[in-house]
Amino acid sequence: MIDLIFPDGSKRQYETGVTGRDVAASIAPSLAKRAALIKLDGALLDLDRPLEAGGAFEILMRDSPEALETLRHDASHIMAEAVQELFPGAQVTIGPSIDDGFYYDFARDEPFSLDDLAKIEQRMKEIVDRDEPITREVWKRDEAIEHFKSIGEAYKAEIIEGFPAGEEISVYRQGAWKDLCRGPHLPSTKAVGKAFKLTKLAGAYWRGDHRNAQLQRIYGTAWASEADLEAYLTRLEEAEKRDHRRIGRAMDLFHMQEEGRGMVFWHEKGLTLWRVVEDYMRRRLDAAGYAEVRTPQVLDRVFWEKSGHWEKYRPNMFVCETEEGEELSLKPMNCPGHVQIFKFGQKSYRDLPLRMSEFGACHRYEPSGALHGLMRVRAFTQDDAHIFCREDQIEEETARFIQLADSVHADFGLTRDHIALATRPAVRAGSDEFWDKAEAQMLAAARRAGVEPVIAEGDGAFYAPKLDWVLKDSIGRTWTCGTIQLDYVLPERLEAEYVGEDGQKHRPVMLHRAICGSLERFIGVLIENYAGAFPLWLAPVQVVVATITSDADDFAKQAARTLAARGLRVETDLRNEKINYKVREHSLAKVPVIAVIGRREAETGQLALRRLGSDRQEVISLEAAANMLALEADAPDVAREGQGARSSAETSAGVMESG
RNA sequence: GCCGCCUUAGCUCAGCCGGUAGAGCGACGCAUUCGUAAUGCGUAGGUCAGGUGUUCGAGUCACCUAGGCGGCACCA
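Residues numbered from 1 in each chain as written. Chains lettered and ligands numbered in written order. Predicted model: local features only at pLDDT ≥ 70, side-chain atom pairs only at ≥ 80, totals over all residues. Heavy atoms only, no water.

### Re the protein's contact with RNA strand B
As a reminder, the rule being used: The cutoff for a nearby residue is simple: one of its non-hydrogen atoms must lie within 4 Å of the molecule or strand. Any N or O atom pair separated by 3.5 Å or less is treated as a polar contact, with the protein-specific requirement of one donor-capable and one acceptor-capable atom, and with residues adjacent in sequence counted only for side-chain atom pairs. In this text, helices come from DSSP runs of H or I with a minimum length of four residues, and strands from runs of E with a minimum of two, each type numbered from the N-terminal end. Residue classes follow a fixed rule: Ala, Val, Leu, Ile, Met, Phe, Trp, Tyr, Cys and Pro count as nonpolar, while Asp, Glu, Lys and Arg count as charged, and any other residue, Gly among them, counts as polar.
Around RNA strand B, 51 residues are found, and the nearest of them are Gln-214, Ser-368, Asn-576, Arg-584 and Arg-610. Between a sugar or linking oxygen of RNA strand B and a side-chain N or O atom of Tyr-463, the distance comes to 3.4 Å. Contact between RNA strand B and Arg-610: a sugar or linking oxygen at 2.4 Å from a side-chain N or O atom of the residue. The set of elements that each furnish at least two residues to the surface near RNA strand B consists of strand 12 (196–205), strand 13 (214–222), helix 9 (244–250), helix 12 (309–313), helix 19 (579–588), helix 20 (599–604) and strand 33 (606–611). Element by element, the count of residues in the surface near RNA strand B is highest for helix 19, at seven residues. Across the surface near RNA strand B, the residue classes tally to 19 nonpolar, 17 polar and 15 charged.

Pasting the structure below:
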């Protein structure tokens, strides 16, 4: 007999070998019908798996997250079965569930075509209709290797060969088809349902290594219900509409062309957005005690040899040669330059922490396949800074940075999903003791700022661990923006030092940090986050003054001048077009405020304001509108500071703080 | 870089079995002065990504090159 403890704490006894389905039926027949999986002491098991031991027991329904993941895994198996029925000789490799769906990698000489996807999907539905029971078998390792080799499944055999000798392995059978698999699975192909769709074809390397054979990956999405599938497909369409490349063109923000792959031509409106972001960042950094610098764009190769970049990243650097035969490289990063400034003149412990920032334009020759709109480019500008400090200042500086980064991200409408602590990678510099210490320092700093980071095993830079910000946008997608990395290596390599209290020379520690990452990418994220409908402070064009009749032209020009004088970005639309047309056009262009002027407004000196997304009109005097909009258009940091004292803040702009 | 798909007017896209290029929007012109998401009429605009080949004939078929897109790998 075994004891099962249910989620409500009650305990019941069952015969050894009882299945989850039996247990469910013993509670209620309807429960047995709706059950999909069971969980025993945290482990997911097949509904029909005979239970050998008791423990904490839970019956999972089809719509539970665990069952959905299992359903997706099942769908990948059904796809593999369909593929092998339709394309004999295609070898199976691996096929897991992923976010929103699944994939399976096949080895086959002929490429699959888009038409094949439709056929495979059709066959998958037939397999679901066949209602093939999915059953678990336990095989001996060596027999399994033999079996998979005998049927020509070299990859499966290789996977099993990687398991320890003597290990029992599980094979799942569905109909005449079987696959090596850890499980669990739903009881039959019918249980999977038909709310799935094959979405894309792709190449993928065996075991994720580009030196291995390239396999063909088929991606699919699968859901518990048709309605969920529909909702997902709609979500994809919505996401596509906010693609920053599409919006960038529609709003005339930037373009790219083949002569400068991975390089951005910023148009006036795009650069306006850029300047707003840069100005904001500069104010925040100034306020946080950073010293802004600028370092050379091109430096001799000996410089990069010394920093270590030449050896490791030479293929990814833009190198040029002069008439005299010097080899130079465009800077791929700013840190070595900042160390030179640090080393210029003698530094004292009193100078630390020294926070050196630069909007650093960098060039990296990224692989062609990596380029993606503004998100991955070859020429980019980092909101970079390096904090030179003593080891005992790491925690404090990191904690301060966490607060700054969080505050900046929030101002841009992005919420933090989590912070990842990226730990030691397989290939790394430094001893295990060093990594133990460095990881502990980053963790302690995060906790000091009230953050419990999610561990990202092996994701660290080769010289140090780092904290990475994972942000969530307005439709729930995540983006990685912002990082802080601990570095003991570069100061050593470039011989940075300061004089300590003891009069001796010491090595500072460097914290590499960025809040946006690159401005290019960050602006791309902002475009997608707001779908182009920027808040007033970010909008490239904040107000369009549109006339109804030409009688209003003079006042419209005067109104535009008045608003512009208050720092607002204003355009006029005096064209001989109907107001309907103008409203539609500027609404589609995501202009936050349309100020309409007809004969009435021109006579009374008023504006009829219409906000993007609303059809309400607010008719107020030009003076009142200017006051209101100018206040609203303040960047969040300015608004915070200027609360209640705005007029004096305006006149005191430019006053330097000393001290 | 690798695998697959794609490339037709400024943009979005039609174009059958190979028979000689089309729409909507936009631009431009004229008329219209019209109160909150498209006024009407007209005009211009294309070496069908580039190249080679097959063919009497290529936007359409084959091959090569470039770029784009989706993945993979990479991301200091």
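So that's the structure; there's more coming.
### Notes on the packing of aromatic side chains
Defined as follows: A pair of Phe, Tyr and Trp rings is counted when the ring centres sit within 6.5 Å of each other, with Trp represented by its six-membered ring. The angle between the planes then sorts it: under 30 degrees is stacked, over 60 is edge-to-face, the rest tilted. Relative accessible area decides the class of each residue, using a 1.4 Å probe on protein chains only: under 20% of the type maximum gives buried, over 50% gives exposed, and in between gives partly exposed. Remark: a charge is flagged as sitting over a ring if the NZ atom of Lys or the CZ atom of Arg is within 6 Å of the ring centre and within 35 degrees of the ring normal.
Applying the stated rule across the entire model yields 22 aromatic pairs. Summarising the aromatic geometry, the rings of Tyr-104 and Phe-106 are spaced 5.1 Å apart at their centres and angled 20 degrees between planes, so their arrangement reads as stacked. Residue Phe-106 is classed as buried on the basis of its relative accessible area, which comes to 0%. Taking the centre distance of 5.1 Å and the plane angle of 35 degrees together, the rings of Trp-223 and Tyr-232 count as tilted. Both residues of the pair, Trp-223 and Tyr-232, belong to the buried class. Every member of this aromatic cluster is reached through a ring pair, and the members are Phe-87, Tyr-104, Phe-106 and Phe-112. Taking NZ or CZ as reference, Arg-72 lies 4.4 Å from the ring centre of Trp-223, over its face. The aromatic ring of Phe-342 is capped on one face by Lys-347, whose charged end is 5.7 Å from the ring centroid.

### Observations concerning the packing of helix 10 (residues 268–287) against helix 17 (residues 519–530)
Rules: Comment: axis = line fitted to C-alpha atoms, over the contacting stretch for helices; angle = value between 0 and 180 degrees taken between N-to-C directions. Angles are sorted into four bins: roughly parallel if under 35 degrees, roughly antiparallel if over 145, roughly perpendicular if 65 to 115, and oblique for all others. Throughout, a contact is declared for two residues whenever any of their heavy atoms are within 4.5 Å.
Between helix 10 and helix 17, the least distance of the axes is 11 Å, while the angle of their chain directions is 110 degrees. With respect to helix 17, the axis of helix 10 lies roughly perpendicular. The residues of helix 17 that touch helix 10, namely those facing Leu-273, Trp-274, Val-277 and Glu-278, are Leu-519, Glu-520, Phe-522, Ile-523 and Leu-526. Residues of the contact of helix 10 with helix 17, tallied by class, amount to seven nonpolar, no polar and two charged.

### Thoughts on helix 10
To be explicit about the condition: Here the expected length of a helix is defined as 1.5 Å per residue gap, with one fewer gap than residues.
If you check helix 10, its first and last C-alpha atoms are 28 Å apart, about what 20 residues at 1.5 Å a residue would give, namely 28 Å. Of all the positions in helix 10, only Gly-270, Thr-272, Leu-273, Trp-274, Val-276, Val-277, Glu-278, Tyr-280, Met-281, Arg-284 and Leu-285 are classed as buried. Backbone geometry just after helix 10 places Gly-289 at a positive phi near 85 degrees.

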